[in-house]
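# Structural description and commentary
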Amino acid sequence: RARLHTVASAAPVVAGQRRAKANIDWDSLGFGLKDVAGTMYVAEWTPEKGWDAGKLVPYGPMSVMPSAQVLNYGQAIFEGMKAQEGAKGRVVCFRPDQNAARFKAGAARMSMPAVPEDQFVEAVKSTIASNLDYVPPMGKGSLYLRPLLLGTGPILGLGPAPSYTFTIFAAAVGAYFKGGQLTPIDLIVEERFHRAAPGGMGGTKAAGNYSPVLVTQLEAKKNGFADVVYLDAKTDTYLEEVSSCNIFVVKGKTIKTPPLSGTILPGVTRRSIIELARSRGYTVLEEPTTVHDAMDADEVFTTGTAVVVSSVGSMTYRGNRKQYTAPGQAGKVALEMYGALTDIQTEKADDKFGWVVPI
Ligand code: COI
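Residues numbered from 1 in each chain as written. Predicted model: local features only at pLDDT ≥ 70, side-chain atom pairs only at ≥ 80, totals over all residues.

## A look at the overall build of the protein chain
Just so we agree on the cut-off: Here a helix means four or more residues in a row that DSSP labels H or I, a strand means two or more in a row labelled E, and each is numbered from the N terminus. Two things to know: the radius of gyration comes from C-alpha atoms, and the globule rule equals 2.2 Å times the number of residues to the power 0.38. In this scheme the burial state of a residue depends on its C-beta neighbours within 10 Å: 20 or more other such atoms mean buried, 12 or fewer mean exposed, and anything in between means partly exposed; the C-beta positions come from the backbone. Contacts are defined on C-beta atoms placed from the backbone: any two residues whose C-beta positions lie within 7 Å are in contact.
Counting its secondary structure elements, the protein chain contains eight helices and 18 strands. Relative to its length of 359 residues, the protein chain is compact, with a C-alpha radius of gyration of 20 Å against a globular reference of 21 Å. Viewed in the frame of its principal axes, the protein chain has a C-alpha envelope of about 55 × 55 × 35 Å. Counting over 359 residues, the protein chain shows a buried share of 44%. Intrachain contacts of the protein chain at a sequence separation of at least 6 include 71% that bridge at least 24 residues.

Right, dumping it as structure tokens:
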């Protein structure tokens, strides 16, 4: 396979110089496309040639037929990743091997050709390296990367696409939830709809998992909640996840999170927080966690690449509101885990797990 020529091997660029190009207000970053990066990566797959080497091109429209499989039948998976400026002055990304592996597993579930893991990681690094001017100053945010695998070839009858596109775009982002990173979020437990069912695709980062949640999320937002918590489809008893993140429940020194039984997303931040919490003396159980465990907890928090670690201020279930934190004040364990994770991600702390990959 031909290899993409990348700028990743170029000499490190001095932080001040590299941000000169992008005209960004680093103090007002939200989670959006206002500061979308100028360069994206695109690779194409055909049955004759497999994946091509991929290339870096200006961010812009992609051309597909109305008959593209992805537009008709939704053959699409995605990833979320972040690159950040660290305390050593260099730009680093976080556990790209984990996203590469999940992307591969997702492709298999969706009958798409897998992107080789080394090509995935190389493409991510190249996309970051060619958008260094969009990486925020340390502590102001991150460069969010969005790899996509799409069935872009045309088809009419239901079947896999005849050809595929692997692309990565990026944007400078700040906190995901309104109110900022350390403002606790209010959640409501959803009982009419389920996010996923046993044997379905809840454990896959498929595009199709993320729009059915909007109907409840928008209603929750109208009622003053940041998002909803889903329960298991079989018994309506066990926590699954929030629309865009995994969930953890704290009682004393024990932290519980739902196990990866196929219906919840195997989050990279989820896995990292489990390992970090254990290393800091917590007992972490990956086991079925009931909504009553959550209502009885000392603290609840959510994790995800986009949300990082988000403290849950309150949870409302069947009209009962459980308040975990004082207004505007993040929970103790959420703060501890947020600090421990972001200190590694920004190279302020020793990377004893080997998670950080320099660009
Ligand atoms: C992420 O956390 O990076 C995700 O991909 C979740 C998305 C719904 C924002």
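## A closer look at the site of the ligand
Our working rule: As a rule, any residue with its backbone-derived C-beta atom within 6 Å of a molecule or strand is reported as near that molecule or strand. Each residue gets one of three labels, nonpolar for Ala, Val, Leu, Ile, Met, Phe, Trp, Tyr, Cys and Pro, charged for Asp, Glu, Lys and Arg, and polar for the others, Gly among them.
By nearness alone, every residue bordering the ligand is listed as G80, Y210, S244, G304, T305 and A306. Residue composition of the shell around the ligand, grouped by class: two nonpolar, four polar and no charged.

## Remarks on unusual backbone geometry
Residue R318 is not a glycine yet carries a positive backbone phi of 50 degrees. Within the secondary structure, R318 is located in the loop between β16 (308–317) and β17 (320–323). With a phi angle near 55 degrees, E347 is a residue other than glycine that sits in the positive phi range.

## Details of the nonpolar core
Applied cut-off: A set of buried Ala, Val, Leu, Ile, Met, Phe, Trp, Tyr and Cys residues, joined through C-beta atoms within 7 Å, is what we mean by a nonpolar core.
Counting 88 residues, the largest nonpolar core has L143, L149, V300 and M337 as its most contacted members. Per-element accounting of this core gives the leading share, eight residues, to strand β8 (residues 164–173). Beyond its immediate stretch of four places on either side in the chain, V300 contacts I247, F248, V249, V250, A294, V312, M315 and Y324.

## Brief notes about the pairing of strand β5 (residues 81–85)
Looking along a regular strand, one sees side chains alternate from face to face of the sheet. What counts, and what does not: Between any two strands, at least two bridges found by DSSP are needed for them to pair.
Across the five residues that make up β5, a large majority, five, are buried. Of the two faces of β5, the one holding M81, A83 and E85 and the one holding K82 and Q84 are both buried throughout. With three bridges connecting them, β5 and strand β6 (residues 91–94) associate as antiparallel partners. The partner of A83 across the bridge, within β6, is C93. A loop of five residues connects β5 with β6, the two strands running antiparallel in sequence, and G89 in this loop sits at a positive phi of about 85 degrees.

## Remarks on the environment of L132
Mapped onto the secondary structure, L132 falls in the loop between α4 (117–129) and β7 (142–150). In this structure the C-alpha to C-alpha distance between L132 and A83, which are 49 residues apart in sequence, comes to 9.4 Å.

## Details of α4
The test is simple: Expected helix span is taken as 1.5 Å per residue step, with the number of steps being one fewer than the number of residues.
The first and last C-alpha atoms of α4 sit 18 Å apart over 13 residues, in line with the 18 Å expected at 1.5 Å per residue. Listed in full, the buried residues belonging to α4 are Q119, F120, E122, A123, V124, K125, S126, T127 and I128.

## Description of the UniProt feature "modified residue: N6-(pyridoxal phosphate)lysine" (unreviewed entry) in the protein chain
For clarity, the threshold we go by: UniProt positions are given in the numbering used here, feature names are shortened, and annotations may be inferred rather than shown by experiment.
According to UniProt, the "modified residue: N6-(pyridoxal phosphate)lysine" (unreviewed entry) feature falls on K205. Owing to 24 C-beta atoms within 10 Å, K205 belongs among the buried residues under this scheme. Among all residues touching K205, those that are not within four sequence positions of it are I77, F78, E79, R102, G106 and L265.

## Quick look at the confidence of the model for the protein chain
The following threshold applies: Within a predicted model, pLDDT stands for the predictor's per-residue confidence, ranging from 0 to 100.
Overall, the predicted model of the protein chain reaches an average pLDDT of 93, with 94% of residues at or above 70. Every residue in residues 5–14 is under pLDDT 50, and counting partners more than four places away or in other chains gives 14 contacts. At the level of chain-chain contacts, confidence expressed as ipTM amounts to 0.97, with global pTM at 0.93.

## Some thoughts on the packing of helix α3 (residues 96–109) against α4
Quick reminder of the rule: Helix axes are fitted to C-alpha atoms over the stretch in contact, other axes to C-alpha atoms as well, and angles between N-to-C directions run from 0 to 180 degrees. Orientation is classified from the angle alone, with under 35 degrees giving roughly parallel, over 145 giving roughly antiparallel, 65 to 115 giving roughly perpendicular, and any other angle giving oblique. Throughout, a crossing is termed right-handed when the near helix is turned clockwise from the far one, and left-handed when it is turned anticlockwise from it by less than a right angle.
The contact between α3 and α4 brings their axes to 9 Å, and the two run at 130 degrees. By the angle class used here, α3 and α4 are oblique. Note that α3 runs across α4; the crossing there is right-handed. Two secondary-structure elements touch here, α3 through P96, D97, A100, A101, F103 and K104 and α4 through E117, F120, V121 and V124.

## Some points on the environment of G339
Relative to the assigned elements, G339 resides in helix α8 (residues 332–345). Distance in space between the C-alpha atoms of G339 and A349 is 9.7 Å, their sequence separation being ten residues.

## Some words on the packing of helix α6 (residues 268–279) against α8
Interaxial distance between α6 and α8 falls to 10 Å at its minimum, and their mutual angle equals 105 degrees. Between α6 and α8, the crossing angle belongs to the class labelled roughly perpendicular. Judged by residue contacts, S272, I273, L276 and A277 of α6 engage M337, A340 and L341 from α8. Among the residues forming the contact of α6 with α8, the class breakdown is six nonpolar, one polar and no charged.

## Some remarks on α8
The cut-off we apply is this: Note that the arc is computed from the directions linking the helix axis to the C-beta atoms.
Spanning 14 residues, α8 covers 20 Å between terminal C-alpha atoms, matching the ideal 20 Å at 1.5 Å per step. Taken residue by residue, α8 has V333, A334, M337, Y338, L341, I344 and Q345 as its buried positions. Down the axis of α8, the sector holding all buried residues measures 140 degrees, keeping them to one side. Just past α8, the residue E347 takes up positive phi, approximately 55 degrees.

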